[in-house]
Every structure is written in C-alpha cells, then in structure tokens.
Amino acid sequence: METKTIHHEITFSAAPQEVFEALMNDKKHAAFSGAPAQIDRKPGRKFTCYGGHLEGTTVELKENERIVQDWRAEGWPKGHYSRVTYTLTPLAEGRNTLLVFDQTGVPADKFDDINKGWHTHYWLKMAAYFRDQKVSVVQRFMEEFKNKANLDIVDELFTADFVLHLPGTTLPPGPQAQKGVGKAIFDAFSNVHVTVNDTIVEGDRVVERHTARARHTGTFNGIPATDRDVFWTENHIYRLRDGKIAETWSEISFHDLMAQISDKAVISRKAS
C-alpha cells in the first residue's frame, strides 16, 4: 500500500503545557474538539478521540515536550497504523508554542482528507480553545466585578499572589488590592457599567480596552458627590496562570474623570 507523510508547523498562543494537556487530557481534548475522547496518558495505553473515529496507542511521552502515537482513522485498511509525532518547543519565554507535527504511513488515498482534517479538526479548534479559555476568565471578572459590584469574585478568579500594577501607587500583593480599588470606585459611583472595546490575546496575556459609564454619587478623591453622569476609559493587561488572573497592569483615564467632577467642570456646566 502506498503511503505518504504529513508535516505541519503551527505556532499556538499558548504555553507548551497547555498544548500538551489539550492533546493528552481527555476532558480538555473533548472541550476543544466538541466530541468524546478517552485517553490513558501512559506509554503503551490506548486512546480514542472524536467518539471513536480516531484510535491508537501512545508510544512515547515526554511531558510538555514530545508525544509519539500509533494512530489510525476509521475506515483505514484493517490493522494499519500511522506514526504520529508532536514536538513542542517554547517560544516567547514559554508563553507561545511551536508545534512540529509529523505523521508517517498515511494511506495515499486518504492523504488529502487527513491532511485537511488536522487543520480543521485540530489546529483551528485548539487555537480557538486556548483563546476562549483565557478570555472567559477575564470576561467573567469584568461582568461580575465591574458590572455587578461583586467583590468576592476576586477570591475565585485571582491567584493568592496576585499583583496589581497601577501608575503612581504601590499595592501589596494579593487579591485584596483589587478589592480595595473596586470598593473605592463603587463607594463613589453608582450604576457603573463597563463595556469591552477591544480584546487581544497573546500567550498568557489578555489585553482589553474598556469604556466605563457611571453616576458620581459619593466622595471620590476628596470631591463630594456631584450626581453627574461621567465616563472614563481603561486599558488592562491580564496575565493568567493555571486559569486564574495572576497579574494585572492597569491604566485608567482618571484625569478625564477628575475633570468631569471638579468644581470648575460643574460650574462650567451650570453656566452653560
């Protein structure tokens, strides 16, 4: 039987550990593929993916670095297996991964479908999965914390050693720093609503640009309530670790906000 070899090189915006787990953890494999998987992650053990349409045996494992499997698809000649090798190389200080993929022994008459299938059913779905996993954490934080004033969500979504970077101030490590900033905002402003303008994912970082609107109903930075509708913009870089927010760099347009609630701004508006 004539066979061919498939060779792909794909860069994922995910750490080698994330890529390795997506391929070898049956729950994560099922999550990105949308189909059942059963994977015994030990050399010599069997696996099935896509509800049994793919099956084989794991030959070699080097965690977060290399996977070798004997692999076949449903409908291949009885007893024929190809050899699949995934090699993972960290990029960008470990935030990204170069996946070098080789599959030898592919039946020639199945080559085009199998070659296309890796792109359609693996690489594209994995890339979307890695992005969605990170964005979902950040979006949940934004909705619960910023739009619902749920300070306690920080305990669930942030690491114990979380670090918040704000220009002009040094805050102690830990989720309490984020809670303190939130409390100061919610004590001074009501009806806070934040919308997302842009989201960018790169490696373990999610970058978002926000616009916030609220009503000034409490003292803020020494300025008593003006009962005026205000807005401000926010730029955040969130660094994630193991599905939680470990570090944030935040820049908020407080100068615009202060101009809106200062005596000069209030007097100017009354005069007009």
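In the block above lies the structure referred to throughout.
Keep in mind that what you see is a predicted model, and the values were worked out from it rather than measured. (Residues numbered from 1 in each chain as written. Predicted model: local features only at pLDDT ≥ 70, side-chain atom pairs only at ≥ 80, totals over all residues. Heavy atoms only, no water.)

A. Highlighting the sheet that holds strand 10 (residues 205–216). Read from one edge to the other, the open sheet built from five strands follows the order 8-12-11-10-9, with strand pairing classed as mixed. Pairing within the sheet leaves two strands with one partner each, and these edge strands are strand 8 (158–165) and strand 9 (189–202). The sheet shows a mean angle of 25 degrees between the axes of neighbouring strands, direction not considered. Pairing analysis gives four bridges linking strand 8 to strand 12 (residues 244–252), with the strands arranged parallel. Paired with Val163 across the two strands is Glu247, which belongs to strand 12. Along the sheet, helix 3 (residues 111–146) makes contact with strand 8, strand 9, strand 10, strand 11 (229–241) and strand 12, crossing strand 9 at roughly 170 degrees. On top of the sheet, helix 5 (residues 176–188) reaches strand 8, strand 9, strand 10 and strand 11; it is set at about 135 degrees to strand 9, its chief contact. (Pairing = 2+ DSSP bridges. Helix = DSSP H or I, 4+ residues; strand = E, 2+ residues; numbered from the N terminus. Axes fitted to C-alpha atoms, helices over the stretch in contact; angles between N-to-C directions. Contact = heavy atoms within 4.5 Å.)

B. Layout of the packing of aromatic side chains. Scanning all chains against the criterion turns up 23 aromatic pairs. Geometrically, the ring pair formed by Tyr86 and Phe101 is tilted, given 5.5 Å between the ring centres and 55 degrees between the ring planes. Residue Tyr86 is located in strand 6 (residues 82–91), and its partner Phe101 is located in strand 7 (residues 96–107); the two are separated by 15 residues in the primary sequence. Just as Tyr86 is buried, Phe101 falls in that class too. Measuring from ring centre to ring centre gives 6.0 Å for Phe141 and Tyr238, while their planes differ by 75 degrees; the resulting arrangement is edge-to-face. With Phe141 in helix 3 and Tyr238 in strand 11, this residue pair connects regions lying 97 residues apart in the sequence. Like Tyr238, Phe141 is buried. Positioned above the aromatic ring of Phe111, the side-chain terminus of Lys4 is 5.1 Å from the ring centre. (Phe/Tyr/Trp six-rings, centres within 6.5 Å; stacked < 30°, edge-to-face > 60°. Buried < 20%, exposed > 50% of the residue type's maximum accessible area, 1.4 Å probe, protein only. Lys NZ or Arg CZ within 6 Å of the ring centre and 35° of its normal.)

C. Region of interest: the environment of Ala259. Locating Ala259 in the fold gives a position in helix 6 (residues 254–261). Exposure remark for Ala259: the relative accessible area of 43% places this residue in the partly exposed category. Taking the C-alpha atoms as reference points, Ala259 and Val230, separated by 29 residues in sequence, lie 9.8 Å from one another.

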